[in-house]
Amino acid sequence: SVLGSVDLGEKAVVHGDVVSVGGRVNRTPGAQVRGGVTEVSLSDMDWRVHGAPFLGGLGVLSLFGGLGAVPRLVGTTFRLLLLMLFASMAMILARGSVEGSAHRVGDNPVKAALVGLAAELLFVPVLVLTCIVLAITIIGIPLLFLVPFAVLFLMLLALAGFTGTALAIGQWARRRFGLGSAPGFPDIWIGILIILLPTLLGRLIGLSGIVGWPISLLLLAAGTGLEFLAWSTGLGAILSNIFSRWQARRAVRTVVPPPAVP
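Owing to the predicted nature of the structure, the values given are computational and were not obtained by experimental measurement.

1. What about the pairing of strand E3 (residues 18–21)?
Argument step 1. Of the two faces of E3, only the one carrying Val18 and Ser20 is buried; Val19 and Val21 on the other face are not.
Argument step 2. With four bridges connecting them, E3 and strand E6 (residues 37–40) associate as parallel partners. Bridge pairing in E6 links Val19 to Thr38.

If you want it as structure tokens, here you go:
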């Protein structure tokens, strides 16, 4: 386990070794480990023991002492790089959808955010209702196997929309601060960095322990809200574009041709 703990129950039998880097190895009495046990903790100093032991029972404060700030910072940095990689792949494979989403976010971000929030709120009820309807009909039972693919398709749409949001933010930052980077991938990377910047700052300030935990908590809350808003806005933008294209095709099909001139 890397950046996590290993929990072994009373009936666990491990024939090899157990290694935890950045976490703990928790063994219940009765658990058998026939190999070696290696535990490398990256946690910072536990202030509950060395600094303020009388505060050890406070659950919120213990998040900044016992769980360790270094693994959290490493995890957030890894997530930043992973988002940049996935967003770059989305830009390569679906450039038109990403750029269309960026234009939609730039034109009307409030509407895109509202559409995305509504889609997220309705997703689970609609999915459950669809599964129930397909399950009670004989013809719809085979279609249940397509539900996971539909969920995966929606996740890909959300990734493309998030990439469009990052692209729009990066373009705004480049124009606002006069950055000399070329448009395209650098704008996406800059946008993702701006979206995750409060979270990164919160993780960095969290390294100071109890001294900086109030500021760190505020930055982490702001970063979580900003990232959620970016995903929602991107999803709403790409869904709005799909709906607009569908309306345009429908309007073209319903146009009545003019009568022929005799």
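Let's pick the thread back up.
2. Some thoughts on the confidence of the model for the chain
Argument step 1. In this model, the chain carries an average pLDDT of 81, and 84% of its residues clear a pLDDT of 70 or more.
Argument step 2. Predicted confidence for residues 44–67 stays below pLDDT 50, and this span has 32 contacts to residues more than four positions away or in other chains.

3. Concerning the nonpolar core
Argument step 1. Core analysis: the biggest nonpolar cluster contains 25 residues, and Leu80, Phe162, Leu167, Ile188, Ile192, Ile195 and Leu196 have the highest contact counts within it.
Argument step 2. Those elements giving two or more residues to this core turn out to be helix H3 (69–93), helix H4 (95–107), helix H6 (147–177), helix H7 (185–206) and helix H8 (213–253).
Argument step 3. Ranked by residues supplied to this core, first place goes to H6 with seven residues.
Argument step 4. Apart from residues lying up to four places away in sequence, Leu167 is in contact with Met91, Val98, Glu99, Ala102, Gly184, Asp187 and Ile188.

4. Structural notes on the packing of H6 against H8
Argument step 1. Put simply, H6 and H8 touch, their axes get as near as 7 Å, and they point 105 degrees apart. Classified by the angle between their axes, H6 and H8 sit roughly perpendicular to one another. Only Ala230, Trp231, Thr233, Gly234, Leu235, Ile238, Leu239 and Ile242 of H8 make contact with H6, whose side of the interface consists of Leu154, Leu157, Ala158, Leu159, Ala160, Gly161, Phe162 and Thr165.
Argument step 2. Of the residues contributing to the contact of H6 with H8, the split by class is 12 nonpolar, four polar and no charged.

5. Details of a positive patch on the surface
Argument step 1. Taken together, the side chains of Arg245, Arg249, Arg250 and Arg253 make up a positively charged region of the molecular surface.
Argument step 2. Along the chain, the position of Arg253 falls in helix H8.
Argument step 3. Judged by relative accessible area, Arg253 falls into the exposed class, the value being 59%.

6. Some details on the packing of H3 against H7
Argument step 1. Taken N-terminus to C-terminus, the directions of H3 and H7 make an angle of 170 degrees; their axes are 10 Å apart at the nearest point. By the angle class used here, H3 and H7 are roughly antiparallel.
Argument step 2. Class assignment for the residues of the contact of H3 with H7 results in 16 nonpolar, five polar and three charged.

7. Topic: the layout of surface pockets
Empty space among the atoms becomes apparent when a probe as large as a water molecule is rolled across them.
Argument step 1. Here the largest pocket is characterised by a volume of approximately 380 Å³.
Argument step 2. Taken together, 16 residues line the largest pocket, and the ones lying closest to its centre are Ala119, Glu120, Phe123, Leu154 and Leu235.
Argument step 3. Broken down by secondary-structure element, the contributors of at least two residues to the lining of the largest pocket are helix H5 (109–136), H6 and H8.
Argument step 4. Considering every element that reaches the lining of the largest pocket, the biggest residue donor is H5, with seven residues.
Argument step 5. In terms of residue class, the lining of the largest pocket is built from 14 nonpolar, one polar and one charged.
Argument step 6. As for the second largest pocket, its lining consists of 14 residues, of which Ala90, Leu93, Ala94, Leu156 and Ala160 are closest to the centre.
Argument step 7. Of all elements in the fold, only H3, H6 and H8 reach the threshold of two or more residues within the lining of the second largest pocket.
Argument step 8. Of the residues forming the lining of the second largest pocket, the biggest block, five residues, is contributed by H6.
Argument step 9. Class assignment of the residues belonging to the lining of the second largest pocket gives a composition of 12 nonpolar, one polar and one charged.

8. Here we look at a nonpolar patch on the surface
Argument step 1. Residues Val2, Leu3, Val70, Val74, Leu197, Leu201, Leu204 and Leu207 make up a contiguous nonpolar surface patch of about 630 Å² in total accessible area.
Argument step 2. Looking at the nonpolar patch, the elements with two or more residues in it are H3 and H7.
Argument step 3. Counting residues per element, the nonpolar patch draws most heavily on H7, at three residues.
Argument step 4. Here Val74 lies in helix H3.
Argument step 5. Val74 sits in the partly exposed class, given a relative accessible area of 41%.

9. Concerning the environment of Gly22
Argument step 1. Turning to its location among the elements, Gly22 is positioned in the loop between E3 and strand E4 (25–27).
Argument step 2. Judged by relative accessible area, Gly22 falls into the buried class, the value being 10%.
Argument step 3. Between the C-alpha atoms of Gly22 and Arg72, which are 50 residues apart in sequence, the distance is 9.7 Å.

Parameters and conventions
Residues numbered from 1 in each chain as written. Predicted model: local features only at pLDDT ≥ 70, side-chain atom pairs only at ≥ 80, totals over all residues. Heavy atoms only, no water. Buried < 20%, exposed > 50% of the residue type's maximum accessible area, 1.4 Å probe, protein only. Helix = DSSP H or I, 4+ residues; strand = E, 2+ residues; numbered from the N terminus. Pairing = 2+ DSSP bridges. pLDDT = per-residue confidence, 0-100. Contact = heavy atoms within 4.5 Å. Core = buried A, V, L, I, M, F, W, Y, C linked by side-chain atoms within 4.5 Å. Axes fitted to C-alpha atoms, helices over the stretch in contact; angles between N-to-C directions. Parallel < 35°, antiparallel > 145°, perpendicular 65-115°, else oblique. Nonpolar A, V, L, I, M, F, W, Y, C, P; charged D, E, K, R; others polar. Patch = residues over 30% accessible without salt bridge, like charges linked within 9 Å, V, L, I, M, F, W, Y side chains within 5 Å. Areas by Shrake-Rupley, 256 points an atom, 1.4 Å probe, with all protein chains shown as cover. Salt bridge = Lys/Arg side-chain N within 4 Å of Asp/Glu carboxyl O. Lys, Arg positive; Asp, Glu negative; His and termini not counted. Charge placed at Lys NZ, Arg CZ, Asp CG, Glu CD. 1 Å grid on protein atoms, 1.4 Å probe; cavity = no way out; pocket = protein on both sides within 12 Å on 5 of 7 lines; lining within 4 Å. Points joined across faces, edges and corners; volume = space filled by probe spheres on them.

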